Every structure is written in C-alpha cells, then in structure tokens.
Amino acid sequence: MSTPAAAAAGAKDESQIRQKRMIGEHFERLARARHDGRKVVYTFVPGNLTELIASFGMLSVLPEINALQSGMRGRSAAYIAEAEKSGHSEDVCTYVKCDIGMLRSGNIGPTGTKLPEPDLLLLSYTGCFTFMKWFELLREQYRCPVAMLHVPYQPDGVITPSMRAYVVDQLKNEVIPAMERVSGRRLDLDELTAQLARSAAAEDDLVAVWESARHRPSPIDGYFGGVYYVGPIFSAFRGSEEAVAYYRELRREVDARMAAGKGPATPDGTLAEERYRLVVEGPPNWTSFNDFWRMFTREGAVAVASTYTRVGGLYDTGFRHDASHPFETLADYCLGCYTNLGLPARVALLERYIREYHADGFIINSVKSCNSFSAGQLLMLRELERRTGRPGGFIESDLVDPRYFGKANIENRIQSYLQMVDARRHGGYA
Ligand code: SF4
C-alpha cells in the first residue's frame, strides 16, 4: 500500500519547544528543591490536585510520567528487571515496577537529574487499587507522611451531592491540614483561586484543540499527538501561567493547520491524506511509541479522539475548574477522571466520540498492565459495535514492558482491521 504519510518532516512547532523547556525547567527545580527549601509531593495523574499543591509553593512529582518517560527513553526494561529481581511479580502494573526499578537504580529522573525524596505522598484514589499498593511501597522506602483522598467511584456516571460533600470534607479536614503541616504554611485561598482560574483558561483552549478533530482532514491526531498535548495539563503545570501560554499557543497552531487544510503532525511530517478516522480506547505503548504510531500513519489512519487523553481530566463534557467554588471544583475534577467512571459511562463517552467525530470505527489497545482500563474492554467492544454499527478492532500490548509489544502481530491486526473498515464502508454502515 502506498504511504499517505508524510510530507517531509518539518521543524518542531513552537508549542513543542515550549513544552520541552517547561519540563526541563521543572526537573531542574526538583533537583534544586532541597537547596531552595521547597517541599516535594509525589502524586498520581488521575485526580491530581496540582493547583492545591502549587498554592503551598510545593513541587509535584508524578511517578506514572516518570515511568512512561523511562519507557520512551529505552530504560524501562532494565528497571522492570530490577524490580522483578527484588520479588515483584510479572503481573504487577509495569508503571509500578518501572518506578521501583528506577528508585533502586538511584532515582535519576527522565532528564538525567536526581529526583528529590517526597515530603508527602498524596494518594488521590480515583478508581485504581494499584495506586494504594504503589504508595504503600513508597511509604516503606521513604517513611514520609501519606495523605489519602478517597474518591468514590462513579458507577452511573453521575456525581451526587453526597459524593461531592464526602470529597470536600476530606480535602478540608485531611488533605489541606496535611499540606499545611508539611509546607509550614496556611492555605492561601487567593492563590488557590488564581490557580484554578488559570486552569479553566487552559482547559478552554485544550477543548478547542480536541474539537478541531471534527474537521476533515483532522488537523490533530487525538491519541498519539494527543498525549503530547495533555503533557502540561496532566502533570505539574495545570494552573500555572506557563500552562495558559502553552495552550494558547497550541490552539493557535492547530487553528492555522486547520485553516490551511493540513492533516496532523506525525513522526515523519504532516500526514498527506486522511483515509481512516478512528477513536482509540486504552493507553498507548510507550516503548515502541513511534513504531506504533507509524502503523497508523502509513495507512492514513488518524485518531480523531481517544479516552487515554481524558484520564487526567474530562473537559470536553463541559467540566472546567471553577475558581468561585474551589473545594467543590477540586472534588468534581477528581470524581470525573475517566478511570473513575463505570463501564456504562465509558461506553457512552466512546459512542459519543464515534458519532460526533464521524469515525469509521474504533480500536481498543488493551494493555496487560492496567486493570483500570482493561477490565470490561471486550464487553465495551461488542456494545459499541452494536450501538454504532462501526467496526471495532482489538489489539494487545503493554505500557512500558517491551516484552509485550509484538510488533509484527500488532501491525497485522491493524492492517486486517482497516481492511474490515474498508469492507464495511463499501457495504454501508448500519
Ligand atoms: S494499573 Fe493502570 S491506572 Fe493503575 S497505576 Fe497501573 S497504569 Fe495506572
């Protein structure tokens, strides 16, 4: 098959350069944290309370981001082997093993600087039991305080007033007092609300970027490209001036791309022809990220929406951080993360994406490590096919364990799936 990817690989966009600089500077701040007297909070991406942490002048470390970065940089296999050597089973989430292996190997972060030890482990429990086990391991290692925020699961996709009140109560009576003890400061409500207002501004721009994919051709890839777009907002930057500037710039670039009728950027330049529009469910594989992406771009397949890029916040269903209700909005944010939703709500979201983004079908990448995502995916596949009449594809890989990325097998499955999409197109959709 001829390849619709790609006009010559171009220079990086300004937003990409900006993001790289932001991340580099954050890791430098972490490396200097002890010297500068700044406290450090380890926390997870879904349900992260970045604005609250920053309002105390503390710095965030997100272990999943370190693990995925290690995967992309070819270091995860050695870290996982190190963790397995010390007794962690093959079945354990590979983010955890990658993190434990990194810790045992000197805790050198993705940019090559040493990560500081945590002053607080902030466990926002949003749908994943592994989070709890992971921080139990880190607590044994670091012997630092743990603050737990128990976020109730949303079985019906609805946040009830009692669920919100339960989370707000923990924020006021458990989490904030723990932060005050660790930081030695009282909560600065003005600073928190300023952070939240900036979050909302960045979220508006991110949603405009997601919605650009309704256009044909889509100017973005909402899965492979999308994981770069969520970098700042899912990590240490939501609520910062830098995040506002990043998303403003990204939106400008995407608007210009759309006005010029251009397809998305790919590892090999701009996609020249959009042949398939797909919705993707599940996290990507990080150890062969560009190889995986090219399996789609070579066929002209573009992800117009994905659920993984909603794991750290679902903004395109209308949620924005609301500075006028700081505690309630933090509660709603945590409650609304994708992995905190029950299967009916997940299926409804995917159905909506397939219809609203005029997708030809959907692909599920079922990762071995992550039960939070993988449980129920075959059921979701059947239900989505029934509701939409669009074909679903199912592939299996892993997050950061390269032993579970079977390149030839995955490529075969993608190609067979796209042939099925062609056949259905010619036969007409239900
Ligand atoms: S099981 Fe999934 S959600 Fe839980 S820590 Fe691992 S990757 Fe994250």
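Higher on the page you've got the structure.
Attention in this report is confined to the structure presented alongside it. Remember, it's a predicted structure, so these values are computed and weren't measured experimentally. (Residues numbered from 1 in each chain as written. Predicted model: local features only at pLDDT ≥ 70, side-chain atom pairs only at ≥ 80, totals over all residues. Heavy atoms only, no water.)

Compared with the 20 Å implied by 1.5 Å per residue over 14 residues, the 20 Å span of helix α7 (residues 129-142) between its first and last C-alpha is a close match. Along α7, the positions that sit buried rather than exposed are Phe131, Trp134, Phe135, Leu138 and Tyr142. All buried residues of α7 lie within an arc of 90° about the axis, which places them on one face of the element. Where α7 is buried, its residues touch β1 (40-43), α4 (63-72), α6 (94-104) and β3 (120-125). (Helix = DSSP H or I, 4+ residues; strand = E, 2+ residues; numbered from the N terminus. Expected span 1.5 Å × (residues − 1). Buried < 20%, exposed > 50% of the residue type's maximum accessible area, 1.4 Å probe, protein only. Arc of directions from axis to C-beta. Contact = heavy atoms within 4.5 Å.)

Turning next to the pattern of salt bridges. A side chain with one charge can pair with a side chain of the opposite charge if their charged atoms come near. Overall, the coordinates contain 33 salt bridges when judged by the stated rule. Between arginine 34 and aspartate 119 there is a salt bridge, with its nearest N and O atoms 3.3 Å apart. On the criterion of sequence distance, the pair formed by arginine 34 in helix α2 (residues 33-36) and aspartate 119 in the loop between α6 and β3 is long-range, its members being 85 residues apart. Overall, the relative accessible area of 44% leaves arginine 34 in the partly exposed class. Residue aspartate 119 is classed as buried on the basis of its relative accessible area of 17%. Measuring nitrogen to oxygen at the nearest pair gives 3.1 Å for the salt bridge that ties arginine 214 to glutamate 356. Of this pair, arginine 214 sits in the loop between α9 (189-211) and α10 (226-229) while glutamate 356 sits in helix α15 (residues 343-356), and the two are 142 residues apart along the sequence. Under the relative-accessibility criterion, arginine 214 is labelled partly exposed at 33%. (Salt bridge = Lys/Arg side-chain N within 4 Å of Asp/Glu carboxyl O.)

By themselves, these observations are geometric and do not establish any function.
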